[in-house]
Amino acid sequence: MNISTQLRDRRGFFVLFVSYTNMQTTSVRVWDLPTRLFHWILAACVIGSVVSAKLGGLAMVWHFRLGYAVLALLIFRLCWGLVGGHWSRFMSFLYSPAQAIRHFRGQEDHSTGHSPLGALSVFGLLAVLILQVASGLVSDDEIASSGPLTRFVSGEWVSRATWYHADLGQYLIYGLVGLHVLAILIYVLRGKTLVRPMITGDKQLPASTRSSRDTALTRIVALILISIGGAIAWWVSSLGSI
C-alpha cells in the first residue's frame with residue numbers, strides 16, 4: 001500500500017483530491033461533438049416549446065414543430081447511449097448505490113463523465129421528456145390543437161394525457177431543469193465548471209483517462225442516427241393528417 005492510499009483511508013476526499021491534482025494531466029476528449037450538439041439543441045428546443053406553449057395561438061404551430069424535434073433528439077440519444085463515445089454511453093454512468101455513496105464520501109472519484117448525481121439528472125430528464133412528448137402526441141386541448149395520435153386512443157386516455165402534459169409534466173421539467181442549473185452553480189462555487197467541457201468537449205484529466213471517440217466516422221454514424229430519428233418524428237407527425 002503506497003502513501004497516498006494510506007492517507008486516503010484516513011482522511012478521505014482531501015487526500016484523494018491532493019493525489020489527483022498531483023498527477024500529470026492532459027486535455028482529454030470526454031464529450032464527443034454529437035453529444036454536445038444534442039445537449040445544446042435539446043435545451044433550445046425545450047425552451048422554445050415552453051415559450052410557444054405559453055404564447056398559444058399561432059405559436060402552437062412552433063410548439064408542435066419543436067416537440068417533433070425533441071422526439072427526434074430523444075430517439076438519437078437513446079441510440080447514442082448505446083453506441084456513442086465512451087462517456088456518453090449509459091453504461092459509463094450506471095452506478096450502484098455503494099459506488100454513489102463512496103463518491104459522495106470522497107473515497108472514489110466518478111466525475112470524469114457524469115457523476116452519480118449527474119447520472120440521476122440525465123436519466124430523470126430523459127424519462128420526463130419522453131413522457132412529455134408521448135403525452136403531447138395524444139393530447140387535445142379541445143380548442144384548436146390536438147396531437148397526431150389522438151385518434152388511435154380512447155377519449156379517456158386523451159384526457160389523461162392532456163392533464164399530464166399541461167398540468168404535471170411541464171412542472172416536472174421545470175423542477176429537473178432547475179435542479180440541473182443549481183448543480184452547475186454549486187460546482188462553479190467549488191471551482192469546477194461543467195459548462196466549458198460541454199462546449200469544447202475536453203477536460204484536464206490524468207493522461208491515463210480513457211477518452212471518447214470523436215472521429216469523422218462516429219460523426220457520420222451520429223448523422224445517420226439523427227436522420228432516422230427525424231424520419232420517425234416526421235412519420236409520426238404525418239399520422240395526424242391521414
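It should be emphasised that the depicted structure is a prediction, and the values quoted were computed from it without experimental measurement.

Asks: Hey, could you go over the side chain of Lys203 for me, with residue numbers and the actual values?
Replies: Considering the arrangement of structural elements, one finds Lys203 in strand E2 (residues 202-206). Despite its burial, Lys203 pairs with no opposite charge, the nearest such side chain being Asp109 at 8.7 Å. Excluding residues that lie within four positions of it along the chain, Lys203 makes contacts with Thr26, Ser27, Val28, Val30, Trp31, Ser111, Thr112, Gly113 and Pro197.

Asks: Let's hear about the pattern of salt bridges: which residues, and what values?
Replies: Counted under the stated rule, the structure contains six salt bridges. Across the pair Arg102 and Glu108 runs a salt bridge whose closest N-O atoms are separated by 2.4 Å. Of the charged contacts in the structure, one is a salt bridge between Asp214 and Arg219, with a shortest N-O distance of 3.1 Å. By relative accessible area, Asp214 is classed as buried at 15%. Through salt bridges with shared partners, a single ionic network connects Arg29, Arg36, Asp202, Asp214 and Arg219.

Asks: Just give me the short version of the packing of aromatic side chains, but keep the residues and values in it.
Replies: Counted under the stated rule, the structure contains seven aromatic pairs. Between Phe38 and Phe76, the aromatic rings sit 6.2 Å apart at their centres with planes inclined by 45°, giving tilted as the arrangement. Here Phe38 is found in helix H3 (residues 33-55), whereas its partner Phe76 is found in helix H4 (residues 60-83), with 38 residues between them in sequence. When sorted by exposure, Phe38 lands in the same class as Phe76, which is buried. Measuring from ring centre to ring centre gives 5.5 Å for Phe76 and Trp80, while their planes differ by 20°; the resulting arrangement is stacked. In this pair, Phe76 and Trp80 both sit in helix H4, four residues apart, roughly one turn of the helix. In this structure Phe76 comes out as buried when scored by relative accessible area, which is 3%.

Asks: Tell me about a nonpolar patch on the surface, residues and numbers included.
Replies: A surface patch of nonpolar side chains, about 650 Å² in accessible area, is lined by Ile220, Ile224, Ile228, Ile232, Trp234 and Trp235. Within the fold, Trp234 resides in helix H9 (residues 216-238). Looking at Trp234, the relative accessible area reads 60%, which means it is exposed.

Rules of the game
Residues numbered from 1 in each chain as written. Predicted model: local features only at pLDDT ≥ 70, side-chain atom pairs only at ≥ 80, totals over all residues. Heavy atoms only, no water. Helix = DSSP H or I, 4+ residues; strand = E, 2+ residues; numbered from the N terminus. Buried < 20%, exposed > 50% of the residue type's maximum accessible area, 1.4 Å probe, protein only. Lys, Arg positive; Asp, Glu negative; His and termini not counted. Salt bridge = Lys/Arg side-chain N within 4 Å of Asp/Glu carboxyl O. Contact = heavy atoms within 4.5 Å. Phe/Tyr/Trp six-rings, centres within 6.5 Å; stacked < 30°, edge-to-face > 60°. Patch = residues over 30% accessible without salt bridge, like charges linked within 9 Å, V, L, I, M, F, W, Y side chains within 5 Å. Areas by Shrake-Rupley, 256 points an atom, 1.4 Å probe, with all protein chains shown as cover.

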